[in-house]
Amino acid sequence: EVQLVESGGALVQPGGSLRLSCAVSGFIFSDHYMDWVRQAPGKGLEWVARSKHKPENYNTEYAASVRGRFSISRDDSTNSLHLQMNSLKTDDTAVYYCVRTRGGPYSAFDYWGQGTLVAVSS
Amino acid sequence: DIQMTQSPPSLSASVGDRVTITCRTSQGISIRLAWFQQKPGKAPKSLIYDVSRLQSGVPSKFSGSGSGTDFTLTIASLQPEDFATYYCQQSYAYPLTFGGGTRVEIK
């Protein structure tokens, strides 16, 4: 059974940092692109970042709104995906979802975690 | 960026109704169009990928169609558990983008 479990969400001040984690199980982690998608309170879904699969050296892609501030990474030894978030802004307040894709290039999202809440406020 | 325009933003329907939601993209995206269902306070659920392919475990009352820049999600015979917000999304080009959502409410 595929499982994605996020952790690390918290209340943080503007300008602060936070690291989200997603523990995955039930599939071969290195075969799949993995993403972070967020949802601000009462708003729609916004794609944040992608880690491609092992054949593409885990190359990354970012939304313009987070490029240079956020960094996605993965650890195959612990089957975990991470999102390092620096220079946080109030606009980063959202539920952050860890999402698996069906495989490699152009593949669609299939499994979602339950989400972890990040609140940026003074 | 590829813009995703969903319509209508919301609709009211009755149990048993057939419902159609439209998603228009600002440029061609081949077949890289997916649909998601989200209920209040819950994570999104993947329904359809590559325009018309059902994700595993998704009932056949959900169907997708379209090509080029115009796509539709159809729910045949709406049931109480189908009242939710639905999003389309393209995986053709970065940044990946979502439609604004369509809220399906009970009439």
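One can find the structure itself at the top, above this paragraph.
This write-up is about the structure you can find in this document.

Thresholds applied
Residues numbered from 1 in each chain as written. Chains lettered and ligands numbered in written order. Predicted model: local features only at pLDDT ≥ 70, side-chain atom pairs only at ≥ 80, totals over all residues. Heavy atoms only, no water. Pairing = 2+ DSSP bridges. Helix = DSSP H or I, 4+ residues; strand = E, 2+ residues; numbered from the N terminus. Axes fitted to C-alpha atoms, helices over the stretch in contact; angles between N-to-C directions. Buried < 20%, exposed > 50% of the residue type's maximum accessible area, 1.4 Å probe, protein only. Phe/Tyr/Trp six-rings, centres within 6.5 Å; stacked < 30°, edge-to-face > 60°. Disulfide = S-S within 2.5 Å.

**Quick notes on the sheet that holds strand β1 (residues 3-7) of chain A**
Residues and elements named next belong to chain A. If you trace the four strands from one edge of the open sheet to the other, you get β1-β3-β8-β7, paired in antiparallel fashion. At either end of the open sheet lies a strand with only one pairing partner, and these are β1 and β7 (70-75). Going across the sheet, the axis of each strand differs from the next one's by a mean of 15°, ignoring polarity. Looking at chain direction, β1 and strand β3 (residues 18-25) are connected through five bridges and run antiparallel. Paired with Ser7 across the strands is Ser21, a residue of β3.

**Notes on unusual backbone geometry**
All names here are of chain B. Here the bond from Ser7 into Pro8 is cis, since omega is -5°, no more than 30 degrees from zero. Within the fold, Pro8 resides in the loop between β1 (4-7) and β2 (10-13). In the segment running from Tyr94 into Pro95, the intervening peptide bond is cis, with an omega of 0°. Structurally, Pro95 can be placed in the loop between β9 (85-90) and β10 (97-98). The residue Ser30 is not glycine, and still its phi comes out positive at about 55°. Position of Ser30 among the secondary structure elements: in the loop between β3 (19-25) and β4 (33-38). By relative accessible area, Ser30 is classed as partly exposed at 46%.

**A word on the packing of aromatic side chains**
Evaluated as defined, the whole model comprises ten aromatic pairs over all chains. Plain terms: the ring middles of Phe109 of chain A and Phe36 of chain B are 6.1 Å apart, the flat faces sit at 40° to each other, and that makes the pair tilted. Taken as a pair, Phe109 of chain A in strand β10 (residues 109-112) and Phe36 of chain B in strand β4 lie in two separate chains rather than in one. The exposure class assigned to Phe109 of chain A is buried, which follows from its relative accessible area of 1%. Assessed through its relative accessible area of 0%, Phe36 of chain B is described here as buried. Ring centres 6.1 Å apart and planes at 55° place the aromatic pair Phe36 of chain B and Phe98 of chain B in the tilted group. Linking Phe36 of chain B in strand β4 with Phe98 of chain B in strand β10, this pair joins segments that are 62 residues apart in sequence. Exposure remark for Phe98 of chain B: the relative accessible area of 10% places this residue in the buried category.

**A word on the state of the cysteines**
The final tally for this structure, using the stated rule, is two disulfides over all chains. Sulfur-sulfur distance for the disulfide between Cys22 of chain A and Cys98 of chain A comes to 2.1 Å. A torsion of -75° about the S-S bond marks the disulfide between Cys22 of chain A and Cys98 of chain A as left-handed. Of this pair, Cys22 of chain A sits in strand β3 while Cys98 of chain A sits in strand β9 (residues 94-101), and the two are 76 residues apart along the sequence. For Cys22 of chain A, a relative accessible area of 0% corresponds to the buried category. The disulfide partner of Cys23 of chain B is Cys88 of chain B, and the gap between their sulfur atoms is 2.2 Å. Disulfide Cys23 of chain B-Cys88 of chain B: the torsion about the S-S bond is 70°, which places it as right-handed. Residue Cys23 of chain B is located in strand β3, and its partner Cys88 of chain B is located in strand β9; the two are separated by 65 residues in the primary sequence.

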